[in-house]
Amino acid sequence: MTFSVNYVESDGGGACLRLVGELDLSTAPELTAAIDRLTAAGETRVLLDLTDLTFCDSTGMAVFVRGDNQAAAHGGWLRLTGANGRVERVLRVTGLADVLRYEPESVDPASRSAS
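Residues numbered from 1 in each chain as written. Predicted model: local features only at pLDDT ≥ 70, side-chain atom pairs only at ≥ 80, totals over all residues. Heavy atoms only, no water.

(A) Quick look at the pattern of salt bridges. All told, the structure shown has four salt bridges when counted by the stated rule. We note a salt bridge from D49 to R18, for which the minimum N-O separation is 3.4 Å. Residue D49 is found in strand β3 (residues 45–56), and its partner R18 is found in strand β2 (residues 15–23); the two are separated by 31 residues along the sequence. For R18, a relative accessible area of 31% puts it in the partly exposed group. (Salt bridge = Lys/Arg side-chain N within 4 Å of Asp/Glu carboxyl O. Helix = DSSP H or I, 4+ residues; strand = E, 2+ residues; numbered from the N terminus. Buried < 20%, exposed > 50% of the residue type's maximum accessible area, 1.4 Å probe, protein only.)

Right, dumping it as structure tokens:
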């Protein structure tokens, strides 16, 4: 299974990245680079749509946390949405669902509060 990160336009500000495939040690650098590009461009609110993510290991989870820390350092946040199956279970078991304020339904990042 391949992995891809697709930028999705969002209304009212914020950025949305749709992840497709398997996020693991070999593919995590691609997501890290995408988040870094957004941060360098001044984006501080990032929503990751995990609807089509079929697998995520600890390396992928670390990228989520790093991205949130990076956004928070600039007054923003990184949030997750759309996970299902094993990916959602891992988010809940690890506690990242709470830390990253995971919401199952996709929403526009601009409509979410940073608190």
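(B) Just the side chain of Q70, in detail. Looking at the element boundaries, Q70 is found in helix α2 (residues 58–73). Discounting chain neighbours no more than four positions away, the residues touching Q70 are I35, D36 and T39. (Contact = heavy atoms within 4.5 Å.)

(C) Fine view of the sheet that holds strand β1 (residues 3–8). With mixed pairing, four strands are arranged side by side in an open sheet as β1-β2-β3-β4. The outermost strands of the open sheet, each flanked by one partner alone, are β1 and β4 (77–81). Neighbour-to-neighbour, the strand axes of the sheet open up by a mean angle of 25°, direction not taken into account. Direction of pairing for β2 relative to β3: parallel, over a ladder of eight bridges. Across the sheet, A15 pairs through a bridge with V46, a residue of β3. Sheet strands in contact with α2 are β2, β3 and β4, and its direction is about 140° off that of β4. Contacts from helix α3 (residues 85–94) reach β3 and β4 within the one sheet, and its direction differs from that of β3 by about 120°. (Pairing = 2+ DSSP bridges. Axes fitted to C-alpha atoms, helices over the stretch in contact; angles between N-to-C directions.)

(D) Fine view of the nonpolar core. One finds L31, L50, F64 and L91 to be the most contacted residues of the largest nonpolar core, which totals 28 residues. Contributions of two or more residues to this core are made by β1, β2, α1 (28–40), β3, α2, β4, α3 and α4 (96–99). Once residues within four sequence positions are removed from consideration, F64 is found in contact with L19, L23, L31, L48, L50, L53, C56, L78, L80, L91 and L100. (Core = buried A, V, L, I, M, F, W, Y, C linked by side-chain atoms within 4.5 Å.)

(E) Local environment of the pairing of β3. Viewed along the sheet, the connection from β2 through α1 into β3 turns out right-handed. Pairing analysis gives five bridges linking β3 to β4, with the strands arranged parallel. Its bridge partner being in β4, D49 is matched across the sheet by T81. (Right-handed = clockwise from strand over helix to strand, strands pointing away.)

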